[in-house]
Structure formats: C-alpha cells, structure tokens
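# Remarks on the overall topology
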Amino acid sequence: MITVYGAPPTRALRVLWMLEEMGLPYQARPVDFANRHQDAEFMAASPTGAIPGIKDGDVAMMESVAIMEYLGARYGPTPIVPEPRDADFPLYQQFLHFGEAGLAAPLNVALGSRFFAPEAEKSNWGATFAVQMVTRRSKALADQLDRSAYAAGERFTAADISCGYALGLAEALGFADDLDPALGDYLARLRERPAFQKASQPNIAA
Ligand SMILES: N[C@@H](CCC(=O)N[C@@H](CS)C(=O)NCC(=O)O)C(=O)O
C-alpha cells in the first residue's frame, strides 16, 4: 500500500489526484506542517522536510512531480501518461515539469512571505517579482490551451495535474484574476473531475 505524507492544499494534492485518476489504493497520512522536522516517519520519506513524500514498500520518495512520474512508470500504463513515442509526449513532459519548476516553485517565495514574513515584509520585492514572473510565464500555458483542450493535447494527462496545482496556488495567493481568463476556465474544468474532488477532501482516507 502506498502511503502519501501530506494533504491538500499542499503539493500532496498532486500525488493524491494522480492516485485517484489511476485508481490505485493508498493511505493518506497527514503531516503537521509546523512540527514536520520532528516527524521521523515523514522525514524518512522526504528528507528535505518538503511536503509531499511517499512510501511504497521499500521505496521512499519526495518531489511531487517525480512521484507522479514514478507512479505512472511503475503502475502504468495509464491514459494520463503518454508513451514516449506518442506525438503528445514532448508537450506532456514539458508541461508536467513546467507546472512545478516554471510556475509553482517560484510561488513558494510569495507563499512564504505571505504566511511567515513580518507584516511590513509580506509584499516584499522578491515576492512581487515571483508573482510577476509566474504571471508572465503562465502565458505559455494559456497559448497552448488555445491550440488544444489540455496542456499536452486533446486528452487530460498528469501534466494537467501539475499545472492545475500551480494555478490553484495562484488563486490561493489572490492573483488568479490577473492571469489569462483561459486559465481560469481550464482550472474550473480540471476541478470538475471526480478524481480531483476525491483527492481534495480534507480528511481523505482510502
Ligand atoms: N518541488 C517540491 C516542492 C515541495 C514544497 O515546496 N512543498 C511545500 C508544501 S506545498 C513545503 O513543504 N514547503 C516547506 C518546505 O519546503 O520545507 C515538490 O514539488 O514536491
């Protein structure tokens, strides 16, 4: 049984969503964010203390997108992960990583500032820059959605999970309305998926 350390709204949502889409059994194990470095079981799965981590038998992994790649490779094939020779694969690979490396990762600066910085530092230069950078970069996804229904073509893939999570983060940080409206429509469409709704439940246990 796969154990997922962490819960929504953290990036554990990506992993839970992927597991739900693939119909794989798992157990979700919440992590107390403030005390996570003292949580030995969680730290064994994610030694940086970043959420999420997973344990799957002898396998322990961190990094949400790497975990998604692992699940697709080990427990696939699945329609949400195009095969390497599929024409959509390059776009898939690009947007799978873009969701974290291009969009969500810089937003950690804005998130950290919002929740942990002293009042006068909450809108500091770095946080504002990160939001502007993500706003600018998100145009690449909006342009792609002009060409296809999903990030990697006409069908839903794990790249949409990755990017959808980042757009949810933009919403939580209050700048989603500054993004191309196509991205809001896309996020709303993603959120209609039963697997997203199941993965988003606060006290998820499967
Ligand atoms: N690139 C990592 C980022 C993980 C990350 O930043 N997680 C947040 C919660 S969503 C966190 O735990 N931040 C605190 C930390 O990194 O110590 C991933 O995709 O898993």
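Just so it is clear, the structure is predicted and the values come from calculations on it, not from any experiment. Numbering of residues begins from 1 in every chain and follows the order in which that chain's sequence is written. Where totals are concerned, whole chains, interfaces and linings use all residues; where local detail is concerned, this predicted model gives features only for residues with pLDDT of at least 70, and gives and counts side-chain atom pairs only at 80 or more.

### Topic: unusual backbone geometry
Formally: Numbering of helices and strands starts at the N terminus; helices are DSSP runs of H or I of at least 4 residues and strands are runs of E of at least 2. Three exposure classes are used. Buried residues have 20 or more other C-beta atoms within 10 Å of their own C-beta, exposed residues have 12 or fewer, and partly exposed residues fall in between, all C-beta atoms being placed from the backbone.
A cis amide bond links Pro8 with the next residue in sequence, Pro9, at an omega value of 10°. Within the secondary structure, Pro9 sits in the loop between strand 1 (2–5) and helix 1 (12–22). The omega torsion across Ile51 and Pro52 is 15°, close enough to zero to call that bond cis. The topology assignment puts Pro52 in the loop between helix 2 (40–45) and strand 3 (53–56). Positioned with a positive phi, Glu63 is a non-glycine residue whose angle comes to about 75°. Inspection of the secondary structure puts Glu63 in the loop between strand 4 (59–62) and helix 3 (64–75). With 17 C-beta atoms counted inside 10 Å, the residue Glu63 sits in the partly exposed group.

### Some details on the site of the ligand
Operational definition: Here, nearness means that the C-beta atom of a residue, built from backbone geometry, sits within 6 Å of the molecule or strand in question. Gly counts as polar in this scheme, as do all residues outside two lists: the nonpolar Ala, Val, Leu, Ile, Met, Phe, Trp, Tyr, Cys and Pro, and the charged Asp, Glu, Lys and Arg. Where each domain starts and ends comes from a domain assignment, either automatic or drawn from a database.
Around the ligand lies a shell formed by Thr10, Arg11, Gly49, Ala50, Ile51, Pro52, Glu63, Ser64, Val65, Glu100, Ala105 and Asn108. If you list the elements that add at least two residues to the shell around the ligand, you get helix 3 and helix 4 (89–116). The element that contributes the greatest number of residues to the shell around the ligand is helix 4, accounting for 3 residues. Across the shell around the ligand, the residue classes break down as 5 nonpolar, 4 polar and 3 charged. Structurally, the shell around the ligand is a two-domain feature, drawing no fewer than three residues from each of domain 1 (2–78) and domain 2 (89–194).

### Things to note about helix 4
Quick reminder of the rule: In this scheme, a helix's expected span is set at 1.5 Å multiplied by one less than its residue total. The bend at a residue is defined as the angle formed between two axes, one fitted to the seven residues ending at that residue and one fitted to the seven starting there.
The end-to-end C-alpha separation of helix 4 is 39 Å, in line with the 40 Å expected for 28 residues at 1.5 Å each. Of all the bends found along helix 4, the most pronounced is centred on Phe98 and spans about 45°.

### So, the pairing of strand 4
For the record, the criterion: Think of it this way: DSSP has to see at least two bridges between two strands before they count as a pair.
For strand 3 and strand 4, the ladder comprises 4 bridges, and the chain directions are antiparallel. Paired with Ile54 across the bridge in strand 4 is Met61. Where strand 3 folds back on strand 4, the antiparallel hairpin that results is connected by 2 residues, among which Gly57 adopts a positive phi of roughly 65°.

### Looking at the environment of Leu13
Threshold: Two residues form a contact once the distance between their C-beta atoms, set from the backbone, is within 7 Å.
Note on placement: Leu13 falls in helix 1. Judged by the 24 C-beta atoms lying within 10 Å of it, Leu13 falls in the buried class. Distance from Leu13 to Pro52, taken between C-alpha atoms, is 8.5 Å for residues 39 residues apart in sequence. Residues contacting Leu13, with those up to four places away along its chain left out, are Pro8, Tyr165, Ala199 and Ser200.

### What to know about the nonpolar core
The condition that has to hold: Each nonpolar core comprises buried Ala, Val, Leu, Ile, Met, Phe, Trp, Tyr and Cys residues, the members being joined through C-beta atoms within 7 Å.
In terms of nonpolar packing, the biggest core is built from 57 residues, with Val4, Val15, Leu16, Phe95 and Cys163 touching the most fellow members. Domain assignment of the residues forming this core places at least three in each of domain 1 (2–78) and domain 2 (89–194). Among residues more than four places away in sequence, those in contact with Cys163 are Phe95, Phe98, Gly99, Leu103, Leu141 and Ala151.

### A few points about the domain arrangement of the protein chain
Considered domain by domain, the protein chain is made up of domain 1 (2–78) and domain 2 (89–194). Placing a centre on the C-alpha atoms of domain 1 and another on those of domain 2 gives a separation of 21 Å. Each partner contributes to the interface: domain 1 provides 10 residues, whereas domain 2 provides 8 residues. Secondary structure elements with two or more residues in the side of domain 1 that touches domain 2: helix 1 and helix 3.

### Thoughts on the sheet that holds strand 3
Stated precisely, the cut-off is as follows: Every axis corresponds to a line fitted to the C-alpha atoms, with the helix fit spanning only the stretch in contact, and the corresponding angles, defined between N-to-C directions, vary from 0 to 180 degrees.
Spatial ordering of the open sheet is given by 2-1-3-4, a layout of 4 strands whose pairing is mixed. Because the sheet does not close on itself, it has two edges, and the strands there are strand 2 (26–29) and strand 4. The mean inter-strand angle of the sheet, taken between neighbouring strand axes irrespective of direction, is 20°.

### Describing the pairing of strand 3
When strand 1 meets strand 3, the two strands line up antiparallel, connected through 4 bridges. Opposite Thr3, over in strand 3, you have Lys55 as the bridge partner.

### So, the packing of helix 1 against helix 3
To keep things clear, this is the line we draw: Angle categories are assigned with fixed cut-offs, so that under 35 degrees is roughly parallel, over 145 is roughly antiparallel, 65 to 115 is roughly perpendicular, and the rest are oblique. The hand of a helix crossing depends on one turn: near helix anticlockwise from the far one by less than a right angle means left-handed, and clockwise means right-handed.
In contact at an axis separation of 9 Å, helix 1 and helix 3 are set at 20° when each is read in the N-to-C sense. Compared by their axis directions, helix 1 and helix 3 come out roughly parallel. Of the two elements, helix 1 crosses helix 3, and the hand of that crossing is right-handed. From helix 1, Arg14, Val15, Met18, Leu19 and Met22 reach across to helix 3, where they touch Ser64, Ile67, Met68, Leu71 and Tyr75. For the contact of helix 1 with helix 3, the per-class residue count stands at 8 nonpolar, 1 polar and 1 charged.

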